[in-house]
Amino acid sequence: MRITTDYLVIGAGATGLAFTDSLVAESDADVVLVDRNDAPGGHWVHAYPFVALHSPSAYYGVNSLALGADQVDTSGPNAGFYERATKSEVLDHFAEAVARLEQTGRVRLLPGHEDLGVDGGVRQVRHLRTGDIVEIEVRRKVVDARYLESSVPATHRPSFEVADDASVVPIGALPAAADSARSYVVLGAGKTAVDACLWLLDQGVDPERIRWVRARDAWFHDRAQFQPLDQVAGIMEGLAADAEAGAGATDVEDFFARLEEAGRVLRIDPDVPATMYRGSMLSEHELAEVRRIDDVVRMGRVRRIERDRTFLERGDLETGNDVLHVDCTARGLSNAPALPIFAPDRIVLQQVRHNSPPFNAALLGFVEAHRDDDVEKNRLCPPNAYAASTTEYPRLLARTWRTEELWFGEPDVAGWVAASRLNLLQALPAHQHEPRAQAAVTRYLTHVGDAIARFEQMRAPVPGADSAAPVR
Ligand SMILES: Cc1cc2nc3c(=O)[nH]c(=O)nc-3n(C[C@H](O)[C@H](O)[C@H](O)COP(=O)(O)OP(=O)(O)OC[C@H]3O[C@@H](n4cnc5c(N)ncnc54)[C@H](O)[C@@H]3O)c2cc1C
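Rules used throughout
Residues numbered from 1 in each chain as written. Predicted model: local features only at pLDDT ≥ 70, side-chain atom pairs only at ≥ 80, totals over all residues. Heavy atoms only, no water. Phe/Tyr/Trp six-rings, centres within 6.5 Å; stacked < 30°, edge-to-face > 60°. Helix = DSSP H or I, 4+ residues; strand = E, 2+ residues; numbered from the N terminus. Buried < 20%, exposed > 50% of the residue type's maximum accessible area, 1.4 Å probe, protein only. Lys NZ or Arg CZ within 6 Å of the ring centre and 35° of its normal. Salt bridge = Lys/Arg side-chain N within 4 Å of Asp/Glu carboxyl O. Pairing = 2+ DSSP bridges. Axes fitted to C-alpha atoms, helices over the stretch in contact; angles between N-to-C directions. Contact = heavy atoms within 4.5 Å. pLDDT = per-residue confidence, 0-100. Core = buried A, V, L, I, M, F, W, Y, C linked by side-chain atoms within 4.5 Å. Near = heavy atom within 4 Å. Polar contact = N/O pair within 3.5 Å; in protein donor to acceptor, adjacent residues only side chain to side chain. Areas by Shrake-Rupley, 256 points an atom, 1.4 Å probe, with all protein chains shown as cover. Nonpolar A, V, L, I, M, F, W, Y, C, P; charged D, E, K, R; others polar.

S.K.: Sorry if this is basic, but what is going on with the packing of aromatic side chains here?
M.R.: The relation between two aromatic rings is expressed through the spacing of the ring centres and the mutual angle of the planes. By the definition in use, this model includes 16 aromatic pairs. Seen in terms of ring centroids, F50 and W199 are 5.5 Å apart; in terms of plane orientation they differ by 25 degrees. Their pairing is stacked. Of this pair, F50 sits in the loop between β2 (31-35) and α2 (87-103) while W199 sits in helix α4 (residues 191-202), placing them 149 residues apart in sequence. By relative accessible area, F50 is classed as partly exposed at 22%. Between W401 and F455 the ring centres are 6.1 Å apart and the planes differ by 25 degrees, which places this aromatic pair in the stacked class. With W401 in helix α10 (residues 393-408) and F455 in helix α13 (residues 435-458), this residue pair connects regions lying 54 residues apart in the sequence. F455 matches W401 in its accessibility class, with the two residues each being buried. When the ring centre of W212 is taken as reference, the NZ or CZ atom of R214 above it lies at 4.4 Å. Between the NZ or CZ atom of R353 and the centre of the ring of F359, over which it lies, the distance is 4.5 Å.

Next comes the structure, spelled out in structure tokens:
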């Protein structure tokens, strides 16, 4: 079979879908999406059953379709915060988004198809079950929406060896396997490991039956500072804290000390240095829960797990044959380096504003639809690789703030950003008269220029405009 299209989007995860949604809304383009998975949603298809967004639904998904009802939860662990979609709600959202896109007559999704690259001058994709090849003639561009593909426990290959008789499951298998064990070893230091611990505690497991292997400790953001809409002042306060801490910081360590002092970042154990930064968030409630686990092993990465012994970089531990190991070591966000996003025949979707994957992808769709020149598109959208460690957070912030200033100099881009439901600051203009929001905007504007200068001293210079971005 041979089909022709304007854009071939490889990957129907959050970014491929958000890009397509925005491009189709802003142009007359025809798009073919391909994905190995049988359903849209990317890593969410393989996610553990009890996963939920760690950020509010209000600014997740595709731009043209709301996710949830922008309600503030009144009970439960998320009380007081905007609702967060579960796995099935996220997948339903993406399924509906695809159905609506297909109704335009300009979008086709080929699920269960793998991109094979170019052969004989023609792009080929293969149906994974039948092996049938589809040739795709691409009139404009191939869009790589898998460059930053997430690595999740269900599909990654652990970096440690597992003996045949050892009891090790990915987090997704925890609910089914939990009853088979008397105690648990959670492997990993990020948000997925936190979710495993929270799930066990929520099932009534005594914290003394949980051992937590953390090769390094992580910083988390406080979820209270990522609440949009009527609580947007809190987001502005968080950004003001970033700018204020950055303006005064002598180095990265001092920067994080100031952020912690300001309540901008949290770590599970305040007595242990944290070096990992992935942009994940926790609430005070979740933090208090996981702090109930005292048995934390810091002996480096796991090398091998046997039935009754675990070998780590800096020693080994006796375990027992009634212990279930829960693998939460997949890296989640990709560590791939930044590449130019726009080229004549391809687009490589990447982060631009920090910690906003769907917003970024949708913005790239808008820019692709409204600018002809790739140099100009790349000027407006410089890539901003995901961070893995604390040293990269200053770069994320500086580049985001530089880039936002460029957007605000372009009325159509600024207009799109202001109207987008994926923009976590969308409600700021409506709330900036509030004393909290006003004070935060003032603090941010006072310090952001100095913060960028400090960050550039801490790292290689950030290309872009000379001054800091005003907040709109
Ligand atoms: C557990 C978890 C929770 C998260 N929660 C949040 C959150 O609350 N808020 C937030 O903003 N971000 C969150 N993130 C960040 C997350 O990475 C993004 O939100 C987003 O879902 C990533 O989408 P993606 O399109 O970049 O990648 P993916 O979801 O990984 O999609 C890539 C797709 O490409 C396909 N693919 C790869 N190679 C090929 C090929 N050769 N041919 C065909 N298809 C191919 C894959 O099958 C996959 O479907 C979370 C991440 C994880 C892991």
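That covers the picture; the talk isn't over yet.
S.K.: What exactly am I supposed to notice about the pattern of salt bridges here?
M.R.: In a structure, side chains of opposite charge can pair up when their charged atoms sit close to one another. Enumeration according to the criterion identifies 41 salt bridges in this entry. Taking the shortest distance from any N to any O, the salt bridge between R264 and D242 comes out at 2.9 Å. Within this pair, whereas R264 is found in the loop between α6 (252-261) and β12 (265-267), its partner D242 is found in helix α5 (residues 232-248), the two being separated by 22 residues in sequence. Given the relative accessible area of 0%, D242 is considered buried. For E368, the salt bridge identified is with K377, shortest N-O distance 2.8 Å.

S.K.: Help me out: how do you make sense of the sheet that holds strand β11 (residues 217-222) in this one?
M.R.: As a general point, the strands of a sheet are linked pairwise by backbone hydrogen bonds and lie either parallel or antiparallel. Ordered by their spatial adjacency, three strands build an open sheet running β12-β11-β13, and the pairing between neighbours is mixed. Two strands lie at the open edges of the sheet, namely β12 and β13 (274-282), each paired on one side alone. Across this sheet, the average inter-strand angle for adjacent strands is 35 degrees, counted without regard to direction. Across three bridges, the pairing between β11 and β12 is antiparallel. If you follow F220 over to β12, its bridge partner there is L266. Against the sheet, α6 touches β11, β12 and β13, its axis set at about 95 degrees to β12.

S.K.: What is the right way to read the confidence of the model for the protein from this model?
M.R.: Parts of the model with low pLDDT should not have their predicted coordinates read in detail. Averaged over all residues, the pLDDT of the protein equals 94, while 97% of them reach at least 70. A low-confidence stretch, residues 460-472 (pLDDT under 50), is modelled with 30 contacts involving residues beyond four sequence positions or located in other chains.

S.K.: Even after reading the chapter, I still don't get the sheet that holds strand β15 (residues 302-305), so can you show me in this structure?
M.R.: Strand order in this open sheet of four strands is β7-β15-β16-β17, and the pairing throughout is mixed. Looking at which strands have only one partner, the edges of the open sheet turn out to be β7 (161-162) and β17 (315-318). Note: strand β16 (residues 309-312) against β17, four bridges, orientation antiparallel. Within β17, the residue paired with T310 across the bridge is L317.

S.K.: For this particular structure, what's the right way to read the side chain of S283?
M.R.: Here S283 lies in the loop between β13 and α7 (284-290). Given a relative accessible area of 3%, S283 falls into the buried group. In this structure S283 touches F81 and R223, once residues within four positions along its chain are discounted.

S.K.: Looking at this structure, how should I read the nonpolar core?
M.R.: The tendency in soluble globular proteins is for nonpolar side chains to be buried as a group. F19, W44, V186 and W212 are the most contacted members of the largest nonpolar core, which has 84 residues in total. With eight residues, the top contributor of residues to this core is α4. Beyond its immediate stretch of four places on either side in the chain, V186 contacts A193, A196, C197, L200, I210, R211, W212, V213, V326 and C328. By size, the runner-up hydrophobic cluster in this structure holds 39 residues, among which are W219, A240, A247 and F255.

S.K.: Honestly, the site of the ligand in this entry has me stumped. Any pointers?
M.R.: Taken together, 26 residues lie near the ligand, and T15, D35, H54, S55 and Y60 sit nearest. Here an oxygen atom of the ligand and a side-chain polar atom of T15 are 2.7 Å apart. Isolated, the ligand exposes 990 Å² of accessible area, and the fraction of that covered by the protein chains is 93%. Listing elements by their share of the shell around the ligand, those giving two or more residues are α1 (14-26), β2 and β4 (113-119). Take the shell around the ligand: its biggest share by element is three residues, from β4. Looking at the shell around the ligand, its residues break down into 10 nonpolar, 10 polar and six charged.

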